[in-house]
Amino acid sequence: MQGREIGEGKLGILMSTPAMLLIILTAVIPIGYALYLSTQDIQGIMNHGFVGLENYREIIETGRLQSALIATLLFGGGVVIFQMVAAMIVALALNVKFMGRNIVRSLILIPWAIPTALVGVMWSRFLSATDGYFNATLRLLGLLDGEMNWFLNRGTAILMVVLVDSWKFTSIFVMIFLAGLQAIPTTFYEAALVDGASRVQRFFYLTLPLMKPVILVALIMRTIFVFHAFDLIYILTGGGPGDATRVMAYYTYQESFTFLRHGRGAAVAFILFLMTGIVTVIYIKLLGSSE
Amino acid sequence: MNELSGWLKVLHRLVVAFVVIAILLPFYWIFVMSVTPQRYIAGQAIPAMIPVDVSFDAFARVLGLVEVEAAQAERAAMMFRRSMFNSVVVAGASTILALIFGLLAAYALARLDFPGKNASYVMILGSRLLAQITLAVPMFTIFEIMGILDTYLPLIIMNTSFCMAWVTLIMDNYFDMIDSEMEDAARVDGCTRFGAFWRVLLPMARPGIISVMLISFLFAWGEFLYALLFTSSMAARTMPVVLSMFLGQFAIEYRLLAAGLVMGVLPPVIIALLFQRFIVQGLTQGGLKG
């Protein structure tokens, strides 16, 4: 019986080959090619040849890389902190039994499921200075008088991008945290109750430490994906005002596809790859040690 | 164990109410915009908060059921219809291919011992974490050389690759959780390894497969960056790109834009509501432990 059959090793290679070919075509080759492109002087469709690290020098000397890093840090920091805290609050709220809990839980998934670009289009309309629903609601509540263009001011532009991003992506944290909370055995809480621990004490001394691995993994995943943020920035702010929301991904896009400097774009893309790589290595290390 | 009392209960209800309103209000606004004539919304400091002069005209126009007078609006409606078709093709093809490639690879990783297994796993995990834009810059040039820009192919290739990584990682995990007893029994009965995978394991893994299928579809349906960069005409432009192009175009009424948004979000909303359990399981189990 075993004799007629193809060997385990061979079958393994055979079955993983389509996947590996695709990964090589769409991930390995492009990263290598990006590294090559980043050493070329390309303007539009003209390639003026090898320039070494000139592209890297230029993006640093013009200060654009630094400004993109700062924008990424502000946007990313805002997104990660806001969403983690908000998600923890919502997850705790949904972990309590109440009427209609299952309905609310189903609703949570909806913002996550709809395309990010459509979230951007929707909110771009709502946040319109003159006739948007967001400002109209503020006017009705007496919080705003006249017009307000959120995207003309650096601070409010970042704030709005963070809020819209959170509208969509907080839900994924809520689901992860909720799963984590439900995995905590109720006997732990019963024991804490017997010891007379208050609700706040139970959260800080029991829930939070037990949730640490879940929070850590979610934090790292979110950090990686914050580097990817493009759709909302492209639709809501176009990187503006000035360079306030020109995060790394958007800056890469601009160099390559707006200014058609594919060499410089590739240099930014490669730096972004290294950043993702560093966080990924930390992620794999942590995952490895927690198991 | 978690009975709330007093002010804490009030606070809890406030949080829940805020969450529900924050999620639903934008959808309500979009709905109002889609059925209310332009003059009640455009330029109004307080646009119509409840539907006024309700008509489903915008939907009929977007779907091409009625003739549109203005040439630009007619063109927009046509572009939207075509983009919905393109989105269905791209998302459908990517989902199917990602499932085939991913399930095969997941089985190999979960059940078989083969040379290069660890490297394969790391490459697949790593590929999922790369930023789309990092790949878009070199891939644009590669697709240009291949001469397939502005067709479905680059979109299907990139979406398949990303979704396949998801499928592989989640299903590898899922297969690990299923005991191989049944497959072993089938093999004793003369079934080949592949036969045991195909006829025994896959049917048992159906909930997991549904979950990764839906997650893949949702991703491909909403994918924006590749669709923006690798297409340049209506030949392959997908729905998110076309709707983003409608923004700020004076000739396109809010009603039309809103009707397009309603139709663009409807499939994901339905999937999220109907298959909530599957998706959450896929996301929290496979996605988290990676």
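Here the structure is a predicted model, which means the values were calculated and not measured.

### Comments concerning the overall build of chain B
A count of helices and strands for chain B gives 13 helices and zero strands. Counting from the amino terminus, chain B carries its helices and strands in the arrangement α-α-α-α-α-α-α-α-α-α-α-α-α. Overall, the C-alpha framework of chain B stretches about 75 × 65 × 35 Å when taken along its three principal axes. Considering chain B as a whole, with its 290 residues, one finds that 48% of them fall into the buried category.

### So, the domain arrangement of chain B
Residue and element names in this part refer to chain B. By the assigned domains, chain B splits into domain 1 (6-55) and domain 2 (70-289). A C-alpha centroid distance of 32 Å is found between domain 1 and domain 2. Opposite the seven residues of domain 1 that make contact, domain 2 presents seven residues. For the side of domain 1 that touches domain 2, the class distribution of residues is five nonpolar, two polar and no charged.

### Overview of the environment of Met148(A)
All names here are of chain A. Here Met 148 lies in the loop between α6 (133-140) and α7 (154-182). Of the residues examined, Met 148 has 18 C-beta atoms within 10 Å and is grouped as partly exposed. Spatially, the C-alpha atom of Met 148 lies 8.9 Å from that of Leu 127, the residues being 21 residues apart in sequence. Met 148 has contacts with Ala 129 and Asn 135, leaving out every residue within four places of it along the chain.

### Structural notes on the nonpolar core
The biggest cluster of nonpolar side chains holds 171 residues, and the ones touching the most others in it are Val161(A), Val247(A), Ala249(A), Leu272(A), Ile133(B) and Val167(B). In terms of residue count, helix α3 (residues 71-111) of chain B provides more of this core than any other element does, 16 residues in total. When residues are assigned to domains, this core turns out to be shared by domain 1 (6-55) and domain 2 (70-289) of chain B, each giving three or more.

### Some words on the pairing of strand β2 (residues 46-50) of chain A
Residue and element names in this part refer to chain A. Of all five residues in β2, zero are buried, a share of ten percent or less. As paired strands, strand β1 (residues 40-43) and β2 are joined by three bridges and run antiparallel to one another. Note on β2: the bridge partner recorded for Gln 43 is Met 46. Once β1 ends, the chain turns through two residues before running back antiparallel as β2, passing Gly 44 with a positive phi of about 60°.

### Examining the interface of chain B and chain A
With 83 residues of chain B at the interface, the matching set in chain A holds 78 residues. With 10 residues, helix α1 (residues 6-35) of chain B is the largest single contributor of residues to the side of chain B that touches chain A. Looking at the side of chain B that touches chain A, its residues break down into 58 nonpolar, 22 polar and three charged.

Definitions and limits used
Residues numbered from 1 in each chain as written. Chains lettered and ligands numbered in written order. Predicted model: local features only at pLDDT ≥ 70, side-chain atom pairs only at ≥ 80, totals over all residues. Helix = DSSP H or I, 4+ residues; strand = E, 2+ residues; numbered from the N terminus. Buried ≥ 20, exposed ≤ 12 C-beta atoms within 10 Å, placed from the backbone. Domains from an automatic or database assignment. Contact = placed C-beta atoms within 7 Å. Nonpolar A, V, L, I, M, F, W, Y, C, P; charged D, E, K, R; others polar. Core = buried A, V, L, I, M, F, W, Y, C linked by C-beta atoms within 7 Å. Pairing = 2+ DSSP bridges.

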